[in-house]
Amino acid sequence: MNISSNIRKALICFSVLSSVLIYVTFASTDEQIGDFFQSGHTNNWAVLVCTSRFWFNYRHVANVLSIYRSVKRLGIPDSHIILMLADDMACNPRNPKAATVFNNAHHHINVYGDDVEVDYRGYDVTVENFIRLLTGRLAPSTPRSKRLLSDEHSNILIYMTGHGGEGFLKFQDSEEITNVELADAFEQMWQKRRYRNIFFMIDTCQAESMFLRFYSPNILAVASSKIGEDSLSHHGDPTIGVYVIDRYTYYALDFLEKISKGSTKTMGQFLQVCPKRVCISTVTSRKDLFPAKPEQVLLTDFFGSVRNVELTKSIVDLPPVKKENNTIMNDVSTEPKWTYVEQVSFL
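Residues numbered from 1 in each chain as written. Predicted model: local features only at pLDDT ≥ 70, side-chain atom pairs only at ≥ 80, totals over all residues. Heavy atoms only, no water.

J.: An account of the state of the cysteines is requested, with residue identities and associated values reported.
T.: One pass over the structure, following the stated rule, counts one disulfide. In this model Cys274 forms its disulfide with Cys279; the gap between the sulfur atoms is 1.7 Å. Across the S-S bond of Cys274 and Cys279 the torsion is about 110°, and the bridge reads as right-handed. Comparing Cys274 with Cys279, the two get one shared label, buried. (Disulfide = S-S within 2.5 Å. Buried < 20%, exposed > 50% of the residue type's maximum accessible area, 1.4 Å probe, protein only.)

Following this line, the structure appears as structure tokens:
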């Protein structure tokens, strides 16, 4: 009798222990799945904009191509880079070396390269197209290469260069975007969950004025000059007769050229790349909208695309996709867009 009672107790204990182990196993699996899908920063995008036309603005094209070259080298693919060039200096008849753009008078680096992909060129670089790009309000026929397909897990680098003044940046020497319009575009992006963090970088005269109206969260901004100051060029190239790069972008590029994909350099260090003794203008930044300290954010979180991969031998069962009202949403219409009609007979 005592033996059967002990066996019964042992079986009950084993059953309870098995239930606890099964519960813990499923709970840990759910936590793993949750951690996988709730990770914050998963992809990087770069929007690089040169708003100036004409040969004497050669340096602005060199500015944006310098940043383009750096972010590609650090791992952001062309599929995640939107490059907007208001003029084509590489094919300009005044260019003595066709298909090249240099940011140094000694021609050390051809920033145009052999595989540059320009998404918006010439008169496609407008204020309207820029705002539509940021907010995602594009025509259905717009190709993928001209879309910013970011999401709530995206870190976006937005770099702009051109001629500006207090509260505006000129486009094509014929129109301008104001700091209010830019701030509202960022707010639309936040409301639509089109970004996780934005690093806004602008090299123009009185550049500080362009981020003073920002009010959306998770934005870190830096400008090449304060209100009332001009952003100056660095040096010229006597062979082409124009300046080839601006001071702030020159020193920013010098810093980025020393960075590798696995670098531990931080955004805080990047914000100090151009002190006034070399920039002449006063580089300013805005950090109050950003949730973290720039000294704790890696530079490659915006300028690179480094993905840490963790290998595991265990099997993780993914939950099934939930369907709304047990139906599959299909945006593709089955109705024909047009129909044929019989020709009219004149006989």
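J.: Please set out the UniProt feature "active site" (unreviewed entry) in the protein chain residue by residue, giving values where relevant.
T.: This chain's UniProt record puts "active site" (unreviewed entry) on His163 and Cys205. Separation in sequence by 43 residues is not matched in space for these annotated residues, since their most distant C-alpha atoms are only 6.5 Å apart. Relative to the assigned elements, His163 resides in the loop between strand S4 (154-161) and strand S5 (164-165). Taking relative accessible area as the criterion, His163 reaches 28% and is therefore assigned partly exposed. Looking at where Cys205 falls in the secondary structure, it is placed in the loop between strand S8 (197-203) and strand S9 (219-223). With relative accessibility at 18%, the residue Cys205 sits in the buried group. Setting aside residues no more than four positions away along its own chain, Cys205 makes contact with Gly164, Gly165, Ser225, Glu229, Asp230 and Ser231. (UniProt positions renumbered as here; feature names shortened; annotations may be inferred. Helix = DSSP H or I, 4+ residues; strand = E, 2+ residues; numbered from the N terminus. Contact = heavy atoms within 4.5 Å.)

J.: Could you give me a rundown of unusual backbone geometry, with the residues and numbers involved?
T.: One non-glycine residue, Asp173, lies in the positive phi region at around 60°. In this structure, Gln206 is a non-glycine residue whose phi angle is positive, near 50°. Tracing the backbone shows Gln206 in the loop between S8 and S9. The exposure class assigned to Gln206 is buried, which follows from its relative accessible area of 19%.

J.: Tell me about the packing of helix H2 (residues 58-73) against helix H5 (residues 247-256), and please be specific about residues and values.
T.: Packing of H2 against H5 leaves a shortest axis separation of 10 Å and a crossing angle of 15°. Viewed along their axes, H2 and H5 adopt a mutual orientation that is roughly parallel. By crossing handedness, the relation of H2 to H5 is classed as left-handed. In this structure, H2 contributes Asn63, Ser66, Ile67, Ser70 and Arg73 to the contact, and H5 contributes Thr249, Leu253 and Leu256. (Axes fitted to C-alpha atoms, helices over the stretch in contact; angles between N-to-C directions. Parallel < 35°, antiparallel > 145°, perpendicular 65-115°, else oblique. Left-handed = near helix turned anticlockwise from the far one by under 90°.)

J.: Just give me the short version of H2, but keep the residues and values in it.
T.: Over its 16 residues, H2 extends 23 Å from the first C-alpha to the last, a length consistent with the 22 Å expected when each residue adds 1.5 Å. Burial of H2 is extensive: 13 of the 16 residues sit out of reach of the surface. (Expected span 1.5 Å × (residues − 1).)

J.: So what's going on with the pattern of salt bridges? Residues and values would help.
T.: Opposite charge on two side chains permits them to pair, given that their charged atoms come into close proximity. Scanning the model with the defined rule gives eleven salt bridges in all. The partner of Arg59 in a salt bridge is Asp246, and the shortest N-O contact between them spans 3.0 Å. Of this pair, Arg59 sits in helix H2 while Asp246 sits in strand S11 (residues 242-246); the two residues are 187 residues apart in sequence, bridging distant segments of the chain. Asp246 shares its class with Arg59; the two are buried. Residues Asp115 and Lys72 are paired through a salt bridge, measuring 3.2 Å at the closest nitrogen-oxygen approach. Of this pair, Asp115 sits in the loop between strand S2 (81-85) and strand S3 (120-121) while Lys72 is found in helix H2, placing the two residues 43 residues apart along the sequence. (Salt bridge = Lys/Arg side-chain N within 4 Å of Asp/Glu carboxyl O.)

J.: Account for the confidence of the model for the protein chain, with residues named and values stated.
T.: Mean pLDDT over the protein chain works out to 85, with 79% of the residues at or above the 70 mark. Within the model, pLDDT remains below 50 along residues 20-30, and this stretch shows one contact once partners closer than five positions in the same chain are excluded. Long-range and interchain partners of residues 32-39, a stretch whose pLDDT sits below 50, account for eight contacts in this model, where long-range means more than four residues apart. (pLDDT = per-residue confidence, 0-100.)

J.: Go over the sheet that holds strand S6 (residues 168-171), please, and point to the residues and values.
T.: Pairing is antiparallel in the open sheet, where three strands are placed in the order S5-S6-S7. Two strands close off the open sheet at either side, each with one partner strand: S5 and strand S7 (175-178). Two strands pair when backbone bridges link them, and S5 and S6 are joined in this way by two bridges, in the antiparallel orientation. Across the sheet, the residue bridging to Gly165 is Phe168, located in S6. Strands S6 and S7 of the sheet are contacted by helix H3 (residues 127-135), whose axis makes an angle of about 35° with S7. (Pairing = 2+ DSSP bridges.)

J.: Got a sec to walk through the packing of aromatic side chains? Specific residues and values, please.
T.: A complete count under the given rule lists 14 aromatic pairs for this structure. Ring plane angle 75° and centroid distance 5.9 Å describe the contact between Phe186 and Phe200, whose orientation is recorded as edge-to-face. Taken together, the residues Phe186 in helix H4 (residues 179-191) and Phe200 in strand S8 connect sequence positions 14 residues apart. By the burial criterion, Phe186 is buried, and Phe200 matches it. Three or more aromatic residues link up through ring pairs in this structure, and these residues are Phe199, Phe255, Phe270, Phe290, Phe302 and Phe303. Sitting over the ring of Tyr123, Arg53 keeps its end group 4.3 Å from the ring centre. The positively charged end of Lys146 is found above the aromatic ring belonging to Tyr120, 5.2 Å away from the centroid. (Phe/Tyr/Trp six-rings, centres within 6.5 Å; stacked < 30°, edge-to-face > 60°. Lys NZ or Arg CZ within 6 Å of the ring centre and 35° of its normal.)

J.: Explain the sheet that holds S8 residue by residue, including any values.
T.: Taken in spatial order, the seven strands of this open sheet run S3-S2-S1-S4-S8-S9-S12, and their pairing is mixed. The open sheet has two edge strands, S3 and strand S12 (284-286), and neither has a second partner. Helix-sheet contacts for H2 involve strand S1 (43-50), S2, S4 and S8, and the interaxial angle to S2 is about 165°. Across the sheet, H5 lies against S4, S8 and S9, angled at about 130° from S8, the strand it touches most.

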